[in-house]
Protein chains: 4
Amino acid sequence: MPAEAIKYVTKVDLDKPGGEQPQVHNRWHPDVPSTVTIKPGEVVKAECLDWTGNQIGNNDSADDLRHVDLTRIHYLSGPYNIEGAKPGDALVVEIKDVQPLERQPWGYCGVFHKQNGGGFLDKFYGECAKAIFDFHGIHATSRHIPHVKFTGLVHPGIMGTAPSMEVLEEWNAREKKLVDDIQGQHDTAVAQLPQTKGANSGQATGDLKERIAKEGARTIPGRPEHGGNCDIKNLSRGSKCYFPVYVEGAKFSIGDLHFSQGDGEISFCGAIEMAGLVTLSFSIIKDGTKKLSLKSPLFMPGDVQNQYGPARYLTFEGFSVDETGKQHHLCANTAYRQACVRVIEYLRRFGYNDYQIYLILSSAPIEGHLAGVVDVPNACTTLGLPMDIFDFDISPEAEIQKRDMGNCAFVSGTDHPVHFDYDSLK
Amino acid sequence: MPAEAIKYVTKVDLDKPGGEQPQVHNRWHPDVPSTVTIKPGEVVKAECLDWTGNQIGNNDSADDLRHVDLTRIHYLSGPYNIEGAKPGDALVVEIKDVQPLERQPWGYCGVFHKQNGGGFLDKFYGECAKAIFDFHGIHATSRHIPHVKFTGLVHPGIMGTAPSMEVLEEWNAREKKLVDDIQGQHDTAVAQLPQTKGANSGQATGDLKERIAKEGARTIPGRPEHGGNCDIKNLSRGSKCYFPVYVEGAKFSIGDLHFSQGDGEISFCGAIEMAGLVTLSFSIIKDGTKKLSLKSPLFMPGDVQNQYGPARYLTFEGFSVDETGKQHHLCANTAYRQACVRVIEYLRRFGYNDYQIYLILSSAPIEGHLAGVVDVPNACTTLGLPMDIFDFDISPEAEIQKRDMGNCAFVSGTDHPVHFDYDSLK
Amino acid sequence: MPAEAIKYVTKVDLDKPGGEQPQVHNRWHPDVPSTVTIKPGEVVKAECLDWTGNQIGNNDSADDLRHVDLTRIHYLSGPYNIEGAKPGDALVVEIKDVQPLERQPWGYCGVFHKQNGGGFLDKFYGECAKAIFDFHGIHATSRHIPHVKFTGLVHPGIMGTAPSMEVLEEWNAREKKLVDDIQGQHDTAVAQLPQTKGANSGQATGDLKERIAKEGARTIPGRPEHGGNCDIKNLSRGSKCYFPVYVEGAKFSIGDLHFSQGDGEISFCGAIEMAGLVTLSFSIIKDGTKKLSLKSPLFMPGDVQNQYGPARYLTFEGFSVDETGKQHHLCANTAYRQACVRVIEYLRRFGYNDYQIYLILSSAPIEGHLAGVVDVPNACTTLGLPMDIFDFDISPEAEIQKRDMGNCAFVSGTDHPVHFDYDSLK
Amino acid sequence: MPAEAIKYVTKVDLDKPGGEQPQVHNRWHPDVPSTVTIKPGEVVKAECLDWTGNQIGNNDSADDLRHVDLTRIHYLSGPYNIEGAKPGDALVVEIKDVQPLERQPWGYCGVFHKQNGGGFLDKFYGECAKAIFDFHGIHATSRHIPHVKFTGLVHPGIMGTAPSMEVLEEWNAREKKLVDDIQGQHDTAVAQLPQTKGANSGQATGDLKERIAKEGARTIPGRPEHGGNCDIKNLSRGSKCYFPVYVEGAKFSIGDLHFSQGDGEISFCGAIEMAGLVTLSFSIIKDGTKKLSLKSPLFMPGDVQNQYGPARYLTFEGFSVDETGKQHHLCANTAYRQACVRVIEYLRRFGYNDYQIYLILSSAPIEGHLAGVVDVPNACTTLGLPMDIFDFDISPEAEIQKRDMGNCAFVSGTDHPVHFDYDSLK
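Residues numbered from 1 in each chain as written. Chains lettered and ligands numbered in written order. Predicted model: local features only at pLDDT ≥ 70, side-chain atom pairs only at ≥ 80, totals over all residues. Heavy atoms only, no water.

- Taking an unreviewed UniProt entry as the reference, chain A is identified by name as Formamidase belonging to Candidozyma duobushaemuli.

## Considerations on the interface of chain B and chain D
Here's step 1: Contact with chain B, which involves 6 residues of that partner, is made by 6 residues of chain D.
Here's step 2: Summed over the three residues of chain B that lose the most area to chain D, namely B:Q307, B:P310 and B:R312, the buried surface amounts to 69% of that side.
Here's step 3: Connecting chain B to chain D are 2 salt bridges.
Here's step 4: Scanning the region where chain B abuts chain D turns up 2 residue pairs in polar contact (both at pLDDT 80 or more).
Here's step 5: Residues of the side of chain B that touches chain D, tallied by class, amount to 2 nonpolar, 2 polar and 2 charged. (Contact = heavy atoms within 4.5 Å. Buried area = accessible area lost by both parts, 1.4 Å probe. Salt bridge = Lys/Arg side-chain N within 4 Å of Asp/Glu carboxyl O. Polar contact = N/O pair within 3.5 Å; in protein donor to acceptor, adjacent residues only side chain to side chain. Nonpolar A, V, L, I, M, F, W, Y, C, P; charged D, E, K, R; others polar.)

## What about the packing of helix α5 (residues 332-347) of chain D against helix α6 (residues 354-363) of chain D?
Residues and elements named next belong to chain D.
Here's step 1: Put simply, α5 and α6 touch, their axes get as near as 9 Å, and they point 130 degrees apart. Considering the angle they form, α5 stands oblique to α6. At the point where α5 passes α6, the crossing takes the right-handed sense. Residues C340, V343, I344 and L347 of α5 lie in contact with α6, whose contacting residues are D354, I357 and L361.
Here's step 2: Taken together, the residues that form the contact of α5 with α6 break down as 6 nonpolar, no polar and 1 charged. (Axes fitted to C-alpha atoms, helices over the stretch in contact; angles between N-to-C directions. Helix = DSSP H or I, 4+ residues; strand = E, 2+ residues; numbered from the N terminus. Parallel < 35°, antiparallel > 145°, perpendicular 65-115°, else oblique. Left-handed = near helix turned anticlockwise from the far one by under 90°.)

## So, the interface of chain A and chain B
Note: interface size is frequently given as the accessible area lost on complex formation between the parts.
Here's step 1: At the interface, 88 residues of chain A touch 88 residues of chain B.
Here's step 2: Of the roughly 7200 Å² buried at the junction of chain A and chain B (both faces included), carbon and sulfur atoms supply 60%.
Here's step 3: For B:E170, the salt bridge is made with A:K426, and the minimal N-O distance between the two is 4.0 Å.
Here's step 4: In this structure, the connection of chain A to chain B is made through 36 residue pairs in polar contact (both at pLDDT 80 or more).
Here's step 5: Partitioned by chemical class, the residues of the side of chain A that touches chain B number 43 nonpolar, 24 polar and 21 charged.
Here's step 6: Of the strand pairs in this sheet, strand β18 (residues 298-300) of chain A and strand β19 (residues 313-319) of chain B are connected by 2 bridges, and their pairing is antiparallel. Bridging from a neighbouring strand, A:L298 pairs with B:F316 of β19(B). (Pairing = 2+ DSSP bridges.)

## Some thoughts on the relation of the copies chain A and chain B
Here's step 1: Screw-axis analysis of chain A against chain B gives a translation of 0.0 Å along the axis, an RMSD of 0.0 Å, and a rotation angle of 180 degrees. Between the two chains, the operation in question is that of a two-fold axis. The rotation axis passes nearest to the C-alpha of A:H369 in chain A, at a distance of 2.3 Å. (Least-squares fit on C-alpha atoms with pLDDT ≥ 70 in both.)

## A word on the pattern of salt bridges
Here's step 1: In this structure the tally under the stated criterion is 123 salt bridges over all chains.
Here's step 2: Here B:E47 makes a salt bridge to B:R103, at a shortest N to O gap of 3.0 Å. Here the residue B:E47 occupies a position in strand β4 (residues 43-48), and B:R103 occupies one in the loop between β6 (90-100) and β7 (106-111), the gap between them amounting to 56 residues.
Here's step 3: Residue class for B:R103 comes out partly exposed when judged on its relative accessible area of 42%.
Here's step 4: The partner of D:E225 in a salt bridge is D:R174, and the shortest N-O contact between them spans 2.7 Å. (Buried < 20%, exposed > 50% of the residue type's maximum accessible area, 1.4 Å probe, protein only.)

## Looking at unusual backbone geometry
Here's step 1: B:P377 follows B:V376 through a cis peptide bond whose omega is -5 degrees.
Here's step 2: Structurally, B:P377 can be placed in the loop between β20 (367-372) and β21 (380-386).
Here's step 3: Phi at B:H74 is positive, roughly 55 degrees, even though this residue is not glycine.
Here's step 4: For B:H74, the location among the structural elements is in the loop between α1 (63-66) and β5 (76-82).
Here's step 5: Accessibility expressed as a relative area gives 2% for B:H74, which makes it buried.
Here's step 6: In this model, D:L330 sits at a positive phi of 55 degrees, which is unusual for a non-glycine residue.
Here's step 7: Structurally, D:L330 can be placed in the loop between β19 (313-319) and α5.
Here's step 8: According to the relative accessible area criterion, D:L330 is buried, its value standing at 15%.

## Observations concerning the environment of A:S201
Residue and element names in this part refer to chain A.
Here's step 1: Looking at the secondary structure, you find S201 in the loop between α2 (165-182) and α3 (206-215).
Here's step 2: Look at S201 and you get buried, because its relative accessible area is 4%.
Here's step 3: When the C-alpha atoms of S201 and A213 are compared, they prove to be 6.3 Å apart, with 12 residues separating the residues in sequence.
Here's step 4: Excluding residues within four positions of it along the chain, S201 makes contact with H25, V32, P33, K209, I212 and A213.

Right, here's the structure in full:
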């Protein structure tokens, strides 16, 4: 009974654009052809492209980030047909492992330009910035953010079962309604509606390929019915997830791997994005959607998450009064944004510039909690920063000592401020 | 060098309304007289009233909750003058312990009426409900929510330094502006402006007493400048907090103790509210407000928080698509509300009614995280429910077995639905 | 249904020798009269004396330690009759809380004289030393060991059910045999056989009192049949323990409270010894001794133990080659002793003397693990020292900076070395 | 600046006996030629053979175990010359990752025959037994021990710097003295002295090869001076270790990888033994041996160890009264052996046979602590068994339900008891 290495169900090419690889796809549609059938209980490995499908390089400029094509992203491995899965069942997915590819031991975190992706703090940091992280076993460090090292809480940013046609139509309708209702009040896109440009319909050909490109839901948002782009940092090694099944075989897809991410993934390309390898197994709970009242995915994290001890988190409070002093009504987003700004003001005293800190908040395993959401008019959130990711003391008792913190990568030839003067807004 | 028991700086009376006890106060104002002076390094104990100042009884009816007077709340112990603290300093507060009072080993969690306090889910659960929790050492159980037991992550809901007159005026102005701007669009109060009714000005007398009542900021919201009613469950035993100082002596106040609370304190009176005893010590960082860039409080939690292991949290996902199917734009509040509803739908299968689950979510140490806040149009949040607080198996693999779950306390003579039919909204 | 404060089943007097207090006892015997009957499910509180029954004072001399009478120790609260417990049942004990007494917020840790108690390192440190610890809420600090602060993992050193006469006879016989066999090879006592001197037979009077004193097993050792003096630091707040029952009513006793202790309790009086208050409840598993194959107690710790994060333990290795270079055969005791010596050599570089470090190892929550016990001829053990109990950096990367470390309390008028020169032994 | 995959410094052949592979060695000797030079700061990967050098197969018989040649074991990768390391320095080793080989995703745990290796319980279980574990990402399961699954706390069993000639001579002398002194009282070997049979001297040839074989210390025991075969389960991913340097270049070797192990590695081949891949980096502390008082290795574990929550460990107590009822004097080994027996008696009620439980105790991440080692005559130890590695409830409250537990692999054609009757010994 000799054991063999675990079977690969997807391999990817790191030298070819994601749009030219039919074993991946980047639209959610019930009719994307499944690439393989997997039996319940079988353990398989799947390689995944980085979310941009090889658009970003390991270099010291953010030029590639500035010009990234956001229609050509989120190339997902799959969809996988799980033998026996029927609409109404629950699909149980065990994430047995997530790893970088041995042949590409690095990833990147980026602040996207305000006009091309943006991010949680794009009002203050509208330019592009990039940090390359090198992976040394379970650790990551960046030449663009010195004195920081942490263990990856490696996870897929995107997992989901295929929508039924009915579910897909609901998505497209409700998102279109949002655009119709409020796009006029915003200067950046409030939703990403279906668009043929940049679509990868996987192994579909001919008319089907066109139809998927035209109807398929975009992958940017997560959605309650199936998960999708949730960017939940704790869905890491050893997690067990439960998804509703909408189509025969479930058609499960996975991708957008992150070596590490902070709660909120605040800089948009805010995790350490990477190509990588997942190890998976599947099982089925018959009629599980109803049995578990499963309107959105459920999961239990694995048992090996980073553990610093609660007393090692320097924790910042954020409230729904914005940087101009304006009072918002119980808005958790405003509150969390303020907590992020508090960290920037705190850490810049050690010599980092604001963009570097923005990247730290995005990529390191920071904890973002809702604290109070009912006491009018202020929502309160907390942001826990693990002190042990720094190789110097950042506690309030620490003596400030200026260090050479180098710089993150910016767009070539640009010269813009790297600190934002919040006091100027008041 | 015989050691003596630690000195009490505040004692409270459990048989008298909070409004009649001058050693506590319930307005934020620079001129509330300090009740005592404490030296840096000294360890002291302070008793605190429950947030309603003895308005709620240990009984099986929610009548007291229905008629609670929300102007007569948040009686805070203090303010304490910390010797040597000057405006611009940082006040370091060590929360050495938080305990229930030995003479009152119980607390309560309540769903408030939609027209008197409301809560995070008041659109669905507008009636009053109450659960009494008995404290057995570090554990709490409730006769109104059987089969649940957990260890308290005991903490003060409110802590803060006194505002300067300038800070106070800023608070009152910005909250008034909110009322002016948006109250018309809401059917419940969007902010609580100063109000003489119910004011407890502490030891102030005569004109000063009136002036504090008239000008003093209400205690309902937390505020970025000093913390206040943050309801951060992790600010528990052993935490070390850093506050900006605005007035001579800092004038620190504390109260609104919670035996336990879930992230968000969603039912408004959503923690296990209790009278109790805190052990504190203080120190000062000169010019700390500037040195630490301290615009809001900072803290490091203690090292003895409940630890269930990450794999013991059944985790629910919530997105910013509301219960009617409407798409909201990156709204973390909507997303977290949906995660709460997912738990209600899941747990009711075991026999609990919706109000009981609402109370569990409010009072048990659940984890509410921001997962993704940048992928238009959906914010994603997670809600981690520790499975080990139940004495039966609630995992997705569990066999459903109907148990007698009794009931929480409702208003006498009422007869209203205890489940909400979410499907009716679509 | 007004709740009342929880009932006390034992109160103790801190101003009277333990030997004069009949609500406690210090011998294990089936006929010690039970002091009270407790119903299953009832929650009760019991005060406990410190292990010496008030022999040790809060002062700066170890004179009291030098002359402590070791026959007059381990005054246990109880025994408690648990209603319905029968021989063959299992008694389930929930340790709901353990606290110092509010009226005595301090404890002590001591190195005992080699001729009066000794300790794990008495070959090197034969003199007496004492450290007084002050309790500030959940934290302890000592004026005799500066720059150290930790949260108590508070626990009873002793818990047990009463032996039957048959069990008692087995104890006395097997321990007597040990004395007969090997006492001649040792210069300190290898076991403590029954002795009337110093006996406290609780509420027994007349002949029974004499008989208990004469036959009763001493409390120094833990014993497999019922637990007893186990000194398990993890049997702390929230633990649930299962004991075999040997007599009607179980006759459960408890005492020897520790504010904190390191694995091994190496200095003999090696925990922070204190008087205190336990909160308990009991239940019964019928025929549980057989059902659970319960030859020794079982337990599950509580969920709020100190948590520093694994990476915050500086971990020392110890092997079964002793300090003279002699090879021992797989002896875990020798190996653990060597790990202790490694810590002493490491920490003394920061300015502590050896006795202070010996007391740190005894009292702080250090982790002592068996690593390998099968690879001839060396056993290997590890000793994990939590770095975060020190207020300065003790990591290998730390710069050594001499601090004034003061001194622990020694016997008045003595002048002996405070460091041991291990290299002199080779 | 394109990043390349991390460099391999050792590759191994899984189809050839370890004795025929010169890139590994199995004796400790200063003159084993270093295989490669590594710069401080460089990150490298090294493959390692399983400890038997491919002697054990993935099958359902323990025949290979029965006849394993224990002189032909512990093939270590290296030694590695670390550029700049000098005698007296400390070598800092970061274990960046430890993984099974992708091409061999399985390992084994074995009970060795009493006459060929033995184990901690060989008085009761003298026959051979084997369990094959399959690795699915971070999880392991065994067809020979159903209903158990756990996450690997993957680690090298052996790491060490090369001894100087002086250190080597001390080892050989003191171990020989032990054999001279006490071998007569034992029926199994008390130490493994140098032996040319089975020696692999790495890349040494000619006379040097012979001399290493003749003088080189065996690898079975760990040794205080350099670590070696410590079998410390917590020396896992992300650990940082400090070793004394005795020879130019340090000559660091590593091997004997374990997917998982319980404290004590009690069945001798008691971990899940595997071939695998380590990722390492090195740095040097000049004069670190003296600076750190480094007589034995030190380490800090990584931050991603399995975390079940303390309340999820069912904990057994063991005392130094042996299974015949004989009292031993403070012997931690006896105490831990009794704790192991308590687990066997407890778990066999669920249907496992004793050998299966012995293998669980050896291979799963159980916690073995020293509790008390000073209270004559009983040492007390604890053994914490994580309940969550079982897919059914093993708590004391569980209903016993007989399951088909299959069997572990035994020697072909044997028929021996699989349970030991401990009561027969009394």
